[in-house]
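Residues per chain are reported as follows:
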Amino acid sequence: MEVIRVKDYDAMSKEAASFLVERINRLKNPILGLATGSTPEGLYKCLIEEYKQGNVSFKDVKSFNLDEYVGLEKNDPNSYYYFMKDKLFDHVDISLDHVRVPNGVATDLQQECVDHEEAIKAAGGIDVQLLGIGANGHIGFNEPGTPFTSKTQVVDLEESTIQANSRFFNSIEEVPTQAVSMGIETIMNSKEILLLASGASKAGALAKLINGDVTEDVPASVLKNHPNVTVIVDEAAFAVVDGK
Ligand code: F6R
């Protein structure tokens, strides 16, 4: 696991953007695994800027998102499909036929999970998977205790995750309690993984990832078993590792 320390959120976003631009330009038909949430927003802004400046094109990119809330339609402003369109897809030359965000309102959610897995396999697997990290150490919506052998599945969100994500909703009651999420094994099957962490709220989780054991109690710790992981972290997220 390579750890790159940067000053702050903006530096993390820029570093992550040049990392991804390099991969997108190098790979012929890049298959990206994408994340939502506050962490990658700055990265997506930088990618749009790189695209506008002609430094990168998404026309041959295919993407698969990590997760989607159960019960939110695509056009719901809190759905992750909407987030991706709003923050990235609508501003670059990616084809919407080449993006797949799990369908959280599928009539058969189990089948939707199988379909997500199959679509990733059919595309040839994910080249670069982007991840954030939950304050509880989750990756995707794989909460502590999720087996490392998990595939895409319907998951129950922890109370702490519902609480953390309620900042995007009008009230906590509106936050869905379930999501469709790629499993840990799905994530680990990616050829390369890029995890971003910024801010003091991630410092505890990051310390467990960097200094702790590999355990299902800290889902992100599984990344230590992957041969090609880069973590870009800002100073605030590094505080506990530094013993501050
Ligand atoms: C998002 C995802 C989650 C987030 C994590 C951190 O698609 O799968 O694991 O990456 O909850 O969220 P933020 O970035 O909002 O702190």
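Small disclaimer: the values here were computed from a predicted structure and weren't measured.

Before going further, it helps to spend a moment on the pairing of strand β8 (residues 178–181). Bridging between strand β4 (residues 67–69) and β8 involves three bridges; their strand directions are antiparallel. Following the sheet pairing, Y69 is matched in β8 by A179. Alignment of strand β7 (residues 153–156) against β8, held across four bridges, turns out to be antiparallel. Residue pairing across strands places V154 opposite V180, the latter belonging to β8.

Let's shift gears to the pattern of salt bridges. Applying the stated criterion across every chain, the model contains 14 salt bridges. For R100, the salt bridge is made with E112, and the minimal N-O distance between the two is 3.0 Å. Taken together, the residues R100 in strand β5 (residues 99–100) and E112 in helix α4 (residues 109–122) connect sequence positions twelve residues apart. E112 sits in the buried class, given a relative accessible area of 8%. With its nearest N and O atoms 3.7 Å apart, the salt bridge here joins K151 to E185.

Below, the discussion takes up the packing of helix α2 (residues 41–52) against helix α3 (residues 80–87). At a minimum axis distance of 10 Å, the contact between α2 and α3 shows a crossing angle of 40°. On the basis of the axis angle, α2 is oblique to α3. In this structure, α2 contributes E41, Y44 and I48 to the contact, and α3 contributes F83, M84 and K87.

Our focus in this paragraph is the sheet that holds strand β1 (residues 2–6). In space, the seven strands of this open sheet follow the order β1-β10-β9-β6-β2-β3-β5, with parallel pairing throughout. At either end of the open sheet lies a strand with only one pairing partner, and these are β1 and β5. With four bridges connecting them, strand β6 (residues 128–131) and strand β9 (residues 192–197) associate as parallel partners. In the sheet register, L131 faces β9, and the bridge partner there is L195.

Let's shift gears to the packing of aromatic side chains. Scanning the entire structure with this criterion turns up four aromatic pairs. Considering the side-chain rings of Y69 and Y80, the 4.8 Å spacing of their centres and the 40° angle between planes classify their relative orientation as tilted. You can see Y69 sitting in strand β4 and its partner Y80 sitting in helix α3, a full eleven residues away along the chain. As far as burial versus exposure is concerned, Y69 and Y80 are alike and both buried. Their ring planes at 80° and their centres at 5.7 Å tell us that Y69 and F169 sit as a pair that is edge-to-face.

Another aspect to go through is the side chain of N78. By secondary structure assignment, the location of N78 is in the loop between β4 and α3. The contacts of N78, once residues within four sequence positions are left out, are Y69, L72, F168 and F169.

The subject of this paragraph is the site of the ligand. The full set close to the ligand counts 13 residues, and T39, D67, H138, G140 and K202 are the nearest of them. The contact in question runs from an oxygen atom of the ligand to an N or O atom on the side chain of T36, over 2.9 Å. Here K202 contributes a side-chain N or O atom positioned 2.6 Å from an oxygen atom of the ligand. Protein chains bury 93% of the 410 Å² of accessible surface belonging to the ligand in isolation. Broken down by class, the residue content of the shell around the ligand amounts to three nonpolar, seven polar and three charged.

Every buried residue belonging to α3 is among Y80, Y81, F83 and M84, and all of these are buried. Seen from one end, α3 has its buried residues packed into an arc of 160°, which puts them on one side. Where the residues of α3 are buried, they touch β2 (31–34), α2, β3 (62–65), β4 and α5 (159–165).

Before going further, it helps to examine the environment of Q53. Tracing the backbone through its elements, the reader meets Q53 in the loop between α2 and β3. Separated by 132 residues in sequence, Q53 and E185 place their C-alpha atoms 36 Å apart.

This brings us to helix α1 (residues 9–26). Because the α-helix completes a turn every 3.6 residues, residues three or four places apart line up on one side. Over its 18 residues, α1 extends 26 Å from the first C-alpha to the last, a length consistent with the 26 Å expected when each residue adds 1.5 Å. All of the buried residues along α1 are M12, S13, A16, A17, F19, L20, V21, R23 and I24. Elements that come into contact with the buried residues of α1 comprise β1, β2, α2, β6, β9 and β10 (229–234).

Reading across from one edge, β4-β8-β7 is the order of the three strands in this open sheet, with antiparallel pairing throughout. Two strands close off the open sheet at either side, each with one partner strand: β4 and β7. Direction aside, neighbouring strands of the sheet carry axes that sit 30° apart on average. Set on the sheet, α4 makes contact with β7 and β8; between it and β7 the angle comes to about 120°.

What counts as what
Residues numbered from 1 in each chain as written. Predicted model: local features only at pLDDT ≥ 70, side-chain atom pairs only at ≥ 80, totals over all residues. Heavy atoms only, no water. Pairing = 2+ DSSP bridges. Helix = DSSP H or I, 4+ residues; strand = E, 2+ residues; numbered from the N terminus. Salt bridge = Lys/Arg side-chain N within 4 Å of Asp/Glu carboxyl O. Buried < 20%, exposed > 50% of the residue type's maximum accessible area, 1.4 Å probe, protein only. Axes fitted to C-alpha atoms, helices over the stretch in contact; angles between N-to-C directions. Parallel < 35°, antiparallel > 145°, perpendicular 65-115°, else oblique. Contact = heavy atoms within 4.5 Å. Phe/Tyr/Trp six-rings, centres within 6.5 Å; stacked < 30°, edge-to-face > 60°. Near = heavy atom within 4 Å. Polar contact = N/O pair within 3.5 Å; in protein donor to acceptor, adjacent residues only side chain to side chain. Areas by Shrake-Rupley, 256 points an atom, 1.4 Å probe, with all protein chains shown as cover. Nonpolar A, V, L, I, M, F, W, Y, C, P; charged D, E, K, R; others polar. Arc of directions from axis to C-beta. Expected span 1.5 Å × (residues − 1).

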